[in-house]
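Observations on chain architecture
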Amino acid sequence: MISLIEKYFGFVLILFLALAVIWPEPGIKMQSLLPVILVIILTLTFLKVDIPQVVKHASKPGLMVYIAAVFMIMLPLLVFLLFYRFDYTLAVGLMLLACVPPGVASPAFTDIFGGNTALSLSMTIVLYFIAPISIPLLFYYTISSSIQLDLLSLAKLLFILIAVPVALSQGIKYFCAAYIDKSIRYLSGINIILIASLGYIGFSPHSHIIQSDLSLFLYIVFWLFLMFLMFFMVGVLMMWRSNRGNKIAVSVSKTYMNNALAIVIASQYFDSHIVLITVLSSIPWNFTPGIFRKLTVNLIN
């Protein structure tokens, strides 16, 4: 069963989104569970990570600073500036997706695409520690005058959502190492179900938009697909002088952001339209890996 879930993970995620449209009532009642589920997802992810080794692997601080500046500041600002004049809400939603760190699946995607998994993993961990500072600062300098946002509360939430899973995972690994070694092969499948559940809960209160305003749904999804394509190409261009493995690692890590974290932030601090944008990002997130994998084979060398 676990192997089938991993093999057809895209179908599983889409199935849960469809369930939110058909039967949203349970998801609406479970909104308070969003942060809890995200903590569990990140804890299970970090169980696979040797944090000291990842930090040791990040031996090129110049490269990490460059990647962090582009990923967490420059690209989110670019997205915001491109859209804010003709659709402010869309600009804020896309910027939120652009400024969160890479998704928990990005190292796995990097491996599938034939990229440098160690670099992807190092980027992911480093950017998670930067996020509690960079995300509130980014929103302070872009939208604080137009949207009332408790930036200190946001910073605290991000710190909790990242620090707690890291601490829990390392504690579990220390005290239950033998058990973790036996169950490690099940973690990816469990995480897929949890990520799908997060999408279901996050989307349920807004699922009516597909039936009541199909044009808005298609409008948002169209721009999301374009943003994913832009991130994929920018990731390649960032490393144009590097080898193929590094190009793929950076490109994949930027494209497949942690939209689960964006959903939680949007649910806690923004209105339903921005939540909808973050939730609908699950559609290109699930549909594009096969397409982009072919692009890496044909275009990246």
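Residues numbered from 1 in each chain as written. Predicted model: local features only at pLDDT ≥ 70, side-chain atom pairs only at ≥ 80, totals over all residues. Heavy atoms only, no water.

Along the backbone of the protein there are 18 helices and zero strands. A principal-axis box enclosing the C-alpha atoms of the protein has dimensions of 50 × 40 × 40 Å. Across the 301 residues of the protein, 52% fall into the buried class. If you take every contact in the protein between residues at least 6 apart in sequence, the share linking residues at least 24 apart comes to 84%. (Helix = DSSP H or I, 4+ residues; strand = E, 2+ residues; numbered from the N terminus. Buried < 20%, exposed > 50% of the residue type's maximum accessible area, 1.4 Å probe, protein only. Contact = heavy atoms within 4.5 Å.)

With respect to the secondary-structure elements, L17 resides in helix α2 (residues 9–22). Taking the relative accessible area as the measure of exposure, L17 reaches 12% and is therefore buried. With residues up to four places along the chain from it excluded, the contact list for L17 reads G199, F203, V279, S282 and I283.

Moving on to the nonpolar core. Ranked by internal contacts, the top residues of the largest apolar core, which has 98 residues, are L96 and F139. Setting aside anything within four residues of it in sequence, one finds L96 in contact with F139, A262, I265, A266, F270, I274 and T278. (Core = buried A, V, L, I, M, F, W, Y, C linked by side-chain atoms within 4.5 Å.)

Right, let's talk about helix α7 (residues 88–99) for a bit. With 12 residues, α7 extends 16 Å from end C-alpha to end C-alpha; this agrees with the ideal 16 Å at 1.5 Å per step. With 10 of its 12 residues buried, α7 lies for the most part within the structure. All of the buried residues in α7 are L90, A91, V92, G93, L94, M95, L96, L97, A98 and C99. Tucked into the core, α7 has its buried residues touching α6 (61–83), α9 (117–142), α13 (214–238), α14 (244–255), α15 (259–269) and α16 (272–280). (Expected span 1.5 Å × (residues − 1).)

According to the stated counting rule, one finds 13 aromatic pairs in the structure shown. Where F222 meets W223, the ring centres are 5.2 Å apart and the plane angle is 70°; that geometry is what we call edge-to-face. On the accessibility criterion, F222 (46% relative accessible area) is partly exposed. Residue class for W223 comes out partly exposed when judged on its relative accessible area of 22%. Members of the aromatic cluster, each reached through a chain of ring pairs, are F228, F232, Y256, W285 and F292. The side chain of K254 reaches across the aromatic face of F231, ending 5.0 Å from its centre. (Phe/Tyr/Trp six-rings, centres within 6.5 Å; stacked < 30°, edge-to-face > 60°. Lys NZ or Arg CZ within 6 Å of the ring centre and 35° of its normal.)

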